[in-house]
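What follows is each chain in one-letter form.
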Amino acid sequence: TRIVGLGNILTITYDFTYNETPYETTMVDQKINSLFRKWKIGELTDYEKIKKIHDFIVKNASYDTALKNYSAYDNLIEKTSTCQGYMCLAYKMLTEAGIPARVISGTGGGESHGWNIVSLNGKWYNLDCTWDDPLTWNRKEVLLHDYFLKSEEEFGFHIRDEEYTTEEFSEKYKIAEKSYKK
């Protein structure tokens, strides 16, 4: 940020750094459209859409232990990202599939972390694709559903940032009292 001026006439210049270039965002959009056509996303129930998107993200990428990749592009195309890439891609795919979703930031296990909440059948649930994609000692791919459509009570070790704990937010995005059971 730079401020230049004389008297009460000032020019303020902001410099921004984006996690994705316009080209990368276009590539993400094209890949999602291709996947949705392949999956016939419009023919799936909302639950099936959420599960398909969750499982794809978990299977497609691995966690970036170098902590250098943060975007949906990194997760979808480069196949590695931090939790920010997981939650951004999940948000983008879910909302484009017609599923109401939000990004939530806070801490997970005491570390800075992010995840999503999604609406299914009029109720909101927690969804953490990152934690359902664990790092294994032998690098074997594992698909979990331990953090899939969970109530607050069953979404252990996640603490929301203050802006997601206000009365107003909690009323608008009331999390289901019980985790979703199919």
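Keep in mind that this is a model prediction, so the values were computed, not measured. Numbering of residues begins from 1 in every chain and follows the order in which that chain's sequence is written. Since the coordinates come from a predicted model, pLDDT governs what is reported: local features require at least 70, and pairs of side-chain atoms require 80 or more to be given and counted, while whole-chain, interface and lining totals use all residues. Processing note: side-chain calculations cover all non-hydrogen atoms of the structure and skip hydrogens and water entirely.

> How should the layout of surface pockets be read in this particular structure?
Left-over empty space is what a probe sized like a water molecule reveals as it rolls over the atoms. Here a cavity denotes a set of grid points, spaced 1 Å apart and computed over the protein atoms alone, in which a 1.4 Å probe fits but from which it cannot get out, and a pocket denotes an open set meeting protein on both sides within 12 Å along at least five of seven lines; residues with an atom within 4 Å of a point are reported as lining. Grid points are joined across faces, edges and corners, and a volume is the space filled by probe spheres set on the points. There is about 350 Å³ of room inside the largest pocket. Secondary-structure elements contributing two or more residues to the lining of the largest pocket are helix 4 (83–96) and strand 6 (111–120). Secondary structure elements follow DSSP: runs of H or I of four or more residues count as helices, runs of E of two or more count as strands, with numbering from the N terminus. Top element by residues in the lining of the largest pocket is strand 6. It accounts for four residues. In this structure, the second largest pocket occupies an estimated 160 Å³ of space. Charged residues are taken to be Asp, Glu, Lys and Arg, nonpolar residues to be Ala, Val, Leu, Ile, Met, Phe, Trp, Tyr, Cys and Pro, and polar residues to be all remaining types, Gly included. Along the lines of polarity and charge, the residues of the lining of the second largest pocket split into three nonpolar, three polar and four charged.

> Looking at this structure, how should I read the sheet that holds strand 9 (residues 158–160)?
Strand pairing in a sheet relies on backbone hydrogen bonds. The paired strands run either parallel or antiparallel. Two strands qualify as a pair provided that DSSP identifies no fewer than 2 bridges between them. In spatial order, the strands read 8-7-6-5-9; together these five strands make up an open sheet with antiparallel pairing. Across the chains shown, the open sheet's two edge strands, defined by having one partner strand only, are strand 8 (148–150) and strand 9. Shown here is a sheet whose adjacent strand axes are inclined to one another by a mean of 45°, direction ignored. Here strand 6 runs beside strand 7 (residues 123–127); their pairing, made up of five bridges, is antiparallel. Here an angle of 0 to 180 degrees is reported between the N-to-C directions of two axes, which are lines fitted to C-alpha atoms, with helices fitted over the stretch in contact.

> How should I be thinking about the packing of helix 1 (residues 22–39) against helix 4 in this particular structure?
The packing of two helices is summarised by the inter-axis angle and the distance between the axes. Orientation of helix 1 relative to helix 4, taken along the N-to-C sense of each, is 50°, at an axis distance of 11 Å. When the axis of helix 1 is compared with that of helix 4, the two are oblique. Our pair here, helix 1 against helix 4, has a crossing hand that is right-handed. Residues Val28, Asp29, Ile32, Leu35, Phe36 and Trp39 of helix 1 lie in contact with helix 4, whose contacting residues are Leu89, Lys92, Met93 and Glu96. Of the residues contributing to the contact of helix 1 with helix 4, the split by class is seven nonpolar, no polar and three charged. Should an angle fall under 35 degrees it is called roughly parallel, over 145 degrees roughly antiparallel, and 65 to 115 degrees roughly perpendicular, with every other angle called oblique. Handedness of each helix crossing follows the sense of rotation of the near helix against the far helix: counterclockwise by less than a right angle gives left-handed, clockwise gives right-handed. A contact between two residues is defined here by any heavy atoms of the two lying within 4.5 Å.

> Would you take a moment to explain helix 1 for this structure?
Each full turn of the α-helix corresponds to 3.6 residues, which orients residues three or four apart in the same direction. Compared with an ideal rise of 1.5 Å per residue, which puts 18 residues at 26 Å, helix 1 spans 26 Å between its outermost C-alpha atoms and is within 8% of the ideal. Buried residues along helix 1 sit against helix 2 (46–60), helix 3 (72–76) and helix 4. Of the residues flanking the end of helix 1, it is Lys40, one or two places downstream, whose phi is positive at about 50°. Helix span, expected: 1.5 Å multiplied by one less than the number of residues in the helix.

> Would you take a moment to explain the side chain of Thr82 for this structure?
Checked against the element boundaries, Thr82 lands in the loop between strand 4 (80–81) and helix 4. Those residues within four positions of Thr82 in sequence are excluded, and the remaining contacts are Tyr63, Asp64, Leu67, Asn69 and Tyr70.

> What am I meant to see in a nonpolar patch on the surface here?
Residues Ile3, Leu10, Ile12 and Tyr14 make up a contiguous nonpolar surface patch of about 440 Å² in total accessible area. Structurally, the position occupied by Leu10 is in strand 2 (residues 9–13). By definition, no residue in a patch forms a salt bridge, and every one has over 30% relative accessible area; like charges are joined within 9 Å, nonpolar side chains (Val, Leu, Ile, Met, Phe, Trp, Tyr) within 5 Å. Calculation of accessible area relied on Shrake-Rupley with a 1.4 Å probe; when residues are assessed, cover is drawn exclusively from the protein chains displayed. A pair is scored as a salt bridge if a Lys or Arg side-chain nitrogen falls within 4 Å of a carboxyl oxygen belonging to Asp or Glu.

> Looking at this structure, how should I read the environment of Ala101?
Along the polypeptide, Ala101 turns up in strand 5 (residues 101–108). Counting along the chain gives 81 residues from Ala101 to Glu20, while the straight-line C-alpha distance between them is 21 Å. Among residues more than four places away in sequence, those in contact with Ala101 are Tyr91, Leu94, Thr95, Ile117, Val118 and Trp124.

> In this structure, what is going on with a positive patch on the surface? I would like to understand it.
In summary, the charge assignment counts Lys and Arg as positive and Asp and Glu as negative, without counting His or the chain termini. Lysine's charge is taken at NZ, arginine's at CZ, aspartate's at CG and glutamate's at CD. A contiguous patch of positive charge, built from Lys31, Lys38, Lys52, Lys59 and Lys79, is present on the exposed surface. Elements with a contribution of two residues or more to the positive patch: helix 1 and helix 2. Residue position: Lys52 is located in helix 2. Accessibility expressed as a relative area gives 37% for Lys52, which makes it partly exposed. Throughout this description, buried means an accessible area under 20% of the type-specific maximum (1.4 Å probe, protein chains only), exposed means over 50%, and partly exposed covers the range between.

The values reported here are purely geometric and, on their own, carry no functional implication.
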